[in-house]
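# Summary of the model geometry
So the chains spell out like this:
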Amino acid sequence: MLAASRQFLKPRSGSRFFQSHYGAWIDGKEFNPPNAATYDVEDPARRTKLCTVLDADAAVVDKAVKSSRAAFESGSWSRMDVRDRAEILNEGARALRKRVPEFAEVESIQTGRAIREMNAQLGRLPEWLEYFAAMIRTHEGTCPPFKGNYVNYVKRVPLGVAGLITPWNHPMLIAIKKIAPALAAGNSIIVKPSEFAPITVLEFAKLMTEVGLPNGVFNCVAGQGGCGAALSGHSDLDMVDLTGGTPTGRKVHAAAGENLCTVLSELGGKAPMVVFNDADIDQAINGTVFGSFIATGQTCIAGTRLLVQEDIYDEFVARYVEKVKKIGIGDPQNPNTQMGPVINQGQLDKVREFCSLGVQEGGKLLCGGKQPDGLGAEISNGYYWEPTVIGDCTPDMRVVREEVFGPVIVAYSFKDEADAIAKANDSDFGLAASVWSKDIKRAHRVADRLDVGIVWLNDHHRNDPSSPWGGMKDSGVGRENGIEALHEYTQTRSVVVGFDDTPFDWFIEGDARYG
């Protein structure tokens, strides 16, 4: 793959990207202002430079917002017939489907995610474009009852210009979850991908322009901290949609609130996986290990709290740990690799710190807790960490309460159903959870009591464009996916039509009825 002496990586698929440098994508073309600052994008498996990217500042962000506003006001997309709009989205889906192998390879390289994961994940992304294209073809307004001789029809219309801020852990998936409903609804958008993994989102902006999206409707700016702040606080946005950590979410809500801007946010999580003593043990182990360590644990819905009924706790956790120890760590581009590195040095340091803290707080290190040996010379310097399980934890420990965002799982027991519910809900977060039990009544009963936005029964980490996605408590505001997402990206216009021919004059002179 990549020798240490090479500056840039060329994917094995022979795709037409990487470029050695990426600018912003504004008004249908790449934009690189003279003498602008740039930053490097790194391959986390090798700690080598992939390319440089324009570090978009407030002036670049402002240019992108102005372009999106002009496109929205022109009506080239916002007032386009929904059938034509749907066809362009479908054309984008077809073009993306043809290029999934390229996009998956680049996603794997820039994030360190195993290629087998990225092929599976990106293979489904065209479905989001197709789903929302179909929705706007079939979605109908309403005609609520209105007293008197009136007809009241209600239409959903686009919000206007939306700023979409997306993270590095699922660059394309999370971006398309926002882009598809935003565009389907008729909005213009400015997407700000994470500075750690911007390449595929920038490429997708080009792709959508190539299939017929009008210039300015989809702009993309990548940059470090100042870029996101400039976008979320811009006075000419109608909406900000963020996926990120809860501390960032608070700042974005505050900045956007100054402009009375709608905010949709999907933030942190600390998902419990609740395993009852009547669960199918083999399937529960397979499913919970998947839920914990997919994406190297770097996902907001990762099952990071393993709650097991006390009479099977020892047996279950022992078997869970044995399964975890067999996870194959290696080169993300190797199709046999099951887990790659974390994204960067900062994340590696955070994972190391929480592993040490968990033991200091009284937890028992059952496996992992260190960087792996024997990875081979090419990736020996990567940001790798062994999948880690810390047992015998208690709900008051920081490693239990705070989001680590890495391959670190805490395990502890519960007595009965009431105790399971109490411990699962004992968290500031409320994004997702899973319940494992053969007793379907109990599974539904527990699901109904969990303070989270997403619950899986005897499964974990499943997603679909039609299924609402979002959290409660500190895990965010609003919902992605489904008709809820289309509603998030639209507002209602109520039109009241009178059809009574009876003359009306409220201020008629000398009418005793009004005097």
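Residues numbered from 1 in each chain as written. Predicted model: local features only at pLDDT ≥ 70, side-chain atom pairs only at ≥ 80, totals over all residues. Heavy atoms only, no water.

- The name given to the protein in an unreviewed UniProt entry is Aldehyde dehydrogenase domain-containing protein, with the source organism recorded as Triparma columacea.
- For the protein, the Sequence similarities (unreviewed entry) comment in UniProt is given as "Belongs to the aldehyde dehydrogenase family." (UniProt positions renumbered as here; feature names shortened; annotations may be inferred.)

### A word on unusual backbone geometry
- Here the phi dihedral of Asn458 falls at roughly 55°; this positive angle occurs in a residue that is not glycine.
- The residue Asn458 is located in the loop between strand E19 (454–457) and strand E20 (472–473) in this model.
- We classify Asn458 as partly exposed; its relative accessible area is 36%. (Helix = DSSP H or I, 4+ residues; strand = E, 2+ residues; numbered from the N terminus. Buried < 20%, exposed > 50% of the residue type's maximum accessible area, 1.4 Å probe, protein only.)

### Concerning the pairing of strand E8 (residues 188–192)
- Within E8, five of the five residues are buried, which leaves the element mostly enclosed by the surrounding structure.
- Inspection of the sheet shows strand E7 (residues 161–165) paired to E8 by five bridges, in the parallel sense. Looking across to E8, one finds that Ile165 is bridged to Lys192.
- Following the backbone out of E7, through helix H6 (residues 171–184) and into the adjacent parallel E8, one traces a crossover that is right-handed.
- Bridge count between E8 and strand E9 (residues 218–220): three bridges; the pairing is parallel. Looking at the pairing, Ile189 lines up with Phe218 of E9.
- Each parallel crossover has a hand, and for E8 linked through helix H7 (residues 199–210) to E9 it is right-handed. (Pairing = 2+ DSSP bridges. Right-handed = clockwise from strand over helix to strand, strands pointing away.)

### As for the packing of H6 against H7
- Here H6 crosses H7 at 40°, and the two axes come no closer than 9 Å. Between H6 and H7, the crossing angle belongs to the class labelled oblique. When you trace H6 past H7, the crossing you get is right-handed. Residues Pro171, Met172, Ala175, Ile176 and Ile179 of H6 form the contact with H7, whose participating residues are Thr200, Val201 and Phe204.
- In terms of residue class, the contact of H6 with H7 is built from seven nonpolar, one polar and no charged. (Axes fitted to C-alpha atoms, helices over the stretch in contact; angles between N-to-C directions. Parallel < 35°, antiparallel > 145°, perpendicular 65-115°, else oblique. Left-handed = near helix turned anticlockwise from the far one by under 90°. Contact = heavy atoms within 4.5 Å. Nonpolar A, V, L, I, M, F, W, Y, C, P; charged D, E, K, R; others polar.)

### Focus: the UniProt feature "domain: Aldehyde dehydrogenase" (unreviewed entry) in the protein
- Per the UniProt annotation, the sites labelled "domain: Aldehyde dehydrogenase" (unreviewed entry) are residues 35–495.
- Strand forms 20% of residues 35–495 and helix 40%; the C-alpha atoms that close the span are 51 Å apart.

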